[in-house]
Amino acid sequence: MSSSRRSRPRHAGSSLSSSSSRTISEDQISELLSKLQALLPESQSRNGAHRGSAARVLQDTCSYIRSLHQEVDNLSETLAELLSSADVTSDQAAVIRSLLM
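Computed from a predicted structure; not experimentally measured.

A. Structural context of the side chain of Thr61. Its location among the elements puts Thr61 in helix H3 (residues 54–85). Thr61 sits in the buried class, given a relative accessible area of 11%. Sequence-distant contacts of Thr61, that is, excluding residues within four places in its chain, are made with Leu36 and Leu40.

Shown next as structure tokens:
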């Protein structure tokens, strides 16, 4: 899936939004990268090291998102096992499912 994204041709002068002709300055990109890096846990942002390159911040962000997806998958499996093995009525299971949605 991600390889198809990488293989898309890049058009010179394309903006972030195809419906907008607004460009983004280097200062704005730097600010957005700083905000993104601040959202990463310390272990992902190189233990608070000085600002990394844009590529490094994006790589770390992608890795963190992948780890979050894996954690969600693991927790979902664990919950499914608990629900199937526990003495849970259908009403209780419905309440649990509604809380998870």
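B. Summary view of H3. Here H3 is 32 residues long and its end C-alpha atoms lie 47 Å apart, about the 46 Å a rise of 1.5 Å per residue gives. Elements that come into contact with the buried residues of H3 comprise helix H2 (26–39).

C. Representation of the pattern of salt bridges in the model. Within the structure shown, the criterion is met by two salt bridges. Salt-bridge contacts for Glu31 lead to Lys35; the nearest nitrogen and oxygen are separated by 3.2 Å. Of this pair, Glu31 and Lys35 are both found in helix H2, four residues apart, which corresponds to roughly one turn of the helix. In this structure Glu31 comes out as partly exposed when scored by relative accessible area, which is 44%. The partner of Arg56 in a salt bridge is Asp60, and the shortest N-O contact between them spans 3.5 Å. Of this pair, Arg56 and Asp60 both sit in helix H3, four residues apart, which is roughly one turn of the helix. For Arg56, a relative accessible area of 32% translates into the label partly exposed. With a relative accessible area of 5%, Asp60 lands in the buried category.

D. Region of interest: the packing of H2 against H3. Orientation of H2 relative to H3, taken along the N-to-C sense of each, is 35°, at an axis distance of 10 Å. You can see that H2 and H3 cross each other, and the crossing is left-handed. Of the residues in H3, those touching H2 at Leu33, Leu36, Gln37 and Leu39 are Ala54, Val57, Leu58, Thr61 and Tyr64.

Basis of the calculations
- Residues numbered from 1 in each chain as written.
- Predicted model: local features only at pLDDT ≥ 70, side-chain atom pairs only at ≥ 80, totals over all residues.
- Heavy atoms only, no water.
- Helix = DSSP H or I, 4+ residues; strand = E, 2+ residues; numbered from the N terminus.
- Buried < 20%, exposed > 50% of the residue type's maximum accessible area, 1.4 Å probe, protein only.
- Contact = heavy atoms within 4.5 Å.
- Expected span 1.5 Å × (residues − 1).
- Salt bridge = Lys/Arg side-chain N within 4 Å of Asp/Glu carboxyl O.
- Axes fitted to C-alpha atoms, helices over the stretch in contact; angles between N-to-C directions.
- Left-handed = near helix turned anticlockwise from the far one by under 90°.

Take it as geometry only, folks, not as evidence of what the structure does.
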